Every structure is written in structure tokens, then in C-alpha cells.
Amino acid sequence: MATGGDNSPVSPSVQLLTGQKALVTGANSGIGLATAVALGRAGADVVVNYVTGAEEAEKVVARIEEFGVRAYAYEADVSDEDQVVAMVARMVEDFGTIDIMVANAGLQRDAAVTEMTLAQWQKVIDVNLTGQFLCAREAAKEFIRRGVVEEVSRAAGKIVCMSSVHQVIPWSGHVNYASSKGGVAMMMQTLAQELAPHRIRVNAVAPGAIRTPINRDAWSTPEAEADLLRLIPYRRVGDPDDIANAVVALVSDLLDYVVGTTLYVDGGMTLFPGFATGG
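Residues numbered from 1 in each chain as written. Predicted model: local features only at pLDDT ≥ 70, side-chain atom pairs only at ≥ 80, totals over all residues. Heavy atoms only, no water.

Student: Just checking my understanding: could you explain a nonpolar patch on the surface for this structure?
Tutor: Where nonpolar side chains cluster on the molecular surface, the patch consists of V113, L118, W121 and V175 and spans about 380 Å² of accessible area. Within the secondary structure layout, V113 lies in the loop between β4 (100-103) and α4 (118-146). Of the residues examined, V113 reaches a relative accessible area of 63% and is grouped as exposed. (Patch = residues over 30% accessible without salt bridge, like charges linked within 9 Å, V, L, I, M, F, W, Y side chains within 5 Å. Areas by Shrake-Rupley, 256 points an atom, 1.4 Å probe, with all protein chains shown as cover. Salt bridge = Lys/Arg side-chain N within 4 Å of Asp/Glu carboxyl O. Helix = DSSP H or I, 4+ residues; strand = E, 2+ residues; numbered from the N terminus. Buried < 20%, exposed > 50% of the residue type's maximum accessible area, 1.4 Å probe, protein only.)

Given below as C-alpha cells:
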């Protein structure tokens, strides 16, 4: 049986993306890993971006190549403009173009607001928000240059911004992270508005609680998981494949008329579960 980023079972995907070229940032672990593998399973050639962890990235490449598609790993810091420009240029040179950009790379630098340093604030904004802008900008340039190739996709290109439920749910002790994701939401909508006339679809996926290394402390013990489940009406913590499968659907022609939308994949976390019994 095929597995996703954290070895959770998942059914084989229909090859909805045959012939397309995808780049996934932060793709050597967690949600990015699962998404890169799912895109390859769906028929896309994939660039696996990473900033640290070259060995892990090469393992992701090997998994993707098992589906009979092409893949390679590329080291780049998405908050560095020159590195992003070079990464996309290299992809266009090697693969001929880009059809799908999944701006997934992100991080946390948590602290109470009175203790948070400017460096902690700026690092999160630089990676989570500016990094997504740079990746979207470079992809959009190629989408506009090439235009629609009907035999490949109805759209000239697809951009997926990886957001979070914390684009709408405040999160004490994480003001830099929540602010970055709130910014991603408005950036995505504005890019979608501007780029839609070029037949470029820009959307976001907003994960809830997902079993990834970034939030291991929230689910790694039975006690922690029980606390977390109180915030999730669906009563399970998500797996990376829950997000990866949503991305595959979102960038496929099945959802060609979806533009400027945030798809919440959160088990109902944004339903304000505290009001189920206390409204």
C-alpha cells in the first residue's frame, strides 16, 4: 500500500497531473514531503526544495521517481530573492517550464510577545510570507510567458500558498506565526485577483493540527493528543496526506474554476468547537 509523508496509508491516486511540472518548497519533511510524493504519484515531475537536510530530500526524490516521473532536489532559502530566482530558472531549464508552485516552506519561532525578539519576528515573516511572495512571483512570470497549453492543463499555472487555521484563529505566544499566515491569506487573494485574467489559479490550503515535526509536542503523548482533540470536532489529528491529497485535487483540472479560495483541511477546528456546548 502506498504511504504518505509520515507512513500513513493512502490509496493510490489517479494520475491527474500527467505531464505537469511541480515545485514544492520545504519538501523534505512533513506536509511538504507528503505533497511532493502525492504530486509525483499523480503524474507530475517534481522539484524537491529544501534548505537543510539534503539526505532527507534525496530520499524524497527516490520515492517520487518510483512513480516513473522525474524529480530532483534543490537547496534554496525561500527568503532569499536571488536563490528563489535561481531555483525557478534552473527548473525551467531542466524541465522546460513550471505548471505548479506549492509554496509550503514555513517555520515557527515562538515566544510571548514581551519576550519576542525582532529577529524572531523577522525570520518568521521572511520565510512564511516573503518567501511565498517570491516563489509566487517567479512562478507567475513563467506562467504568463508560456500561457495555457491545453493538452497539459486548462490553466496557465497553479499556485498553492500553504497557510494555516491561524490565518483566522488568534494564537497567543505565536504572534509572528499567526501574523505571517494572516498575511498569506490576503496575499493569496490579491495575487488571485491580479493573475486570474492570465488563467493563473492562486489558492491556499489551511491545515489544522497535523502530525508533523513542527508540532510534535502537541500530539506525541496520549495526554497531549487528548488535549488537542478537544479542539477538533472530527476527533482525530490530521496526517500529512490529508493536506497532500487536498493539494493534488486543488491543482488538478477537476477544480479549474476554484480561484482565490482558502481550503481549510482541519477536521472542523475553525468551527469554534468551544461553542458546541457553551454557546
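Here the narrative resumes, following the displayed structure.
Student: What am I meant to see in the sheet that holds strand β3 (residues 71-75) here?
Tutor: Spatial ordering of the open sheet is given by β3-β2-β1-β4-β5-β6-β7, a layout of seven strands whose pairing is parallel. Each edge of the open sheet is held by one strand with a lone partner, namely β3 and β7 (262-265). Across the sheet, the mean angle separating the axes of adjacent strands is 20 degrees when strand polarity is ignored. When strand β1 (residues 21-24) meets strand β2 (residues 45-50), the two strands line up parallel, connected through four bridges. Across the sheet, residue V24 finds its bridge partner in β2, namely V48. Contacts between helix α7 (residues 240-251) and the sheet are confined to β4, β5 (157-162), β6 (200-207) and β7, with β6 contributing the most and set at about 165 degrees to the helix. (Pairing = 2+ DSSP bridges. Axes fitted to C-alpha atoms, helices over the stretch in contact; angles between N-to-C directions. Contact = heavy atoms within 4.5 Å.)

Student: Mind showing me how you'd approach the pattern of salt bridges here?
Tutor: Oppositely charged side chains may form a pair once their charged atoms are brought near each other. A complete count under the given rule lists 15 salt bridges for this structure. Of the charged contacts, one joins R70 and D45 as a salt bridge, the two residues approaching to 3.3 Å between their closest N and O atoms. Of this pair, R70 sits in the loop between α2 (54-65) and β3 while D45 sits in strand β2, placing them 25 residues apart in sequence. When its relative accessible area of 9% is taken as the criterion, D45 is described as buried. Here R154 and D256 are joined by a salt bridge, their closest N and O atoms 3.7 Å apart.

Student: How should the packing of aromatic side chains be read in this particular structure?
Tutor: The relative placement of two aromatic rings is captured by the distance of their centres and the angle of their planes. In this structure the tally under the stated criterion is two aromatic pairs. Ring centres of Y72 and F95 lie 5.4 Å apart, and the angle between their planes is 65 degrees; on these two criteria the pair is classed as edge-to-face. Of the two residues, Y72 sits in strand β3 while F95 sits in helix α3 (residues 81-95), which places them 23 residues apart along the sequence. There is no split in this pair, since Y72 and F95 are both buried. Measuring from ring centre to ring centre gives 5.8 Å for W171 and Y177, while their planes differ by 75 degrees; the resulting arrangement is edge-to-face. The exposure class of Y177 is buried, given its relative accessible area of 12%. We note R90 situated over the ring of Y72; from NZ or CZ to the ring centre the distance is 4.5 Å. (Phe/Tyr/Trp six-rings, centres within 6.5 Å; stacked < 30°, edge-to-face > 60°. Lys NZ or Arg CZ within 6 Å of the ring centre and 35° of its normal.)

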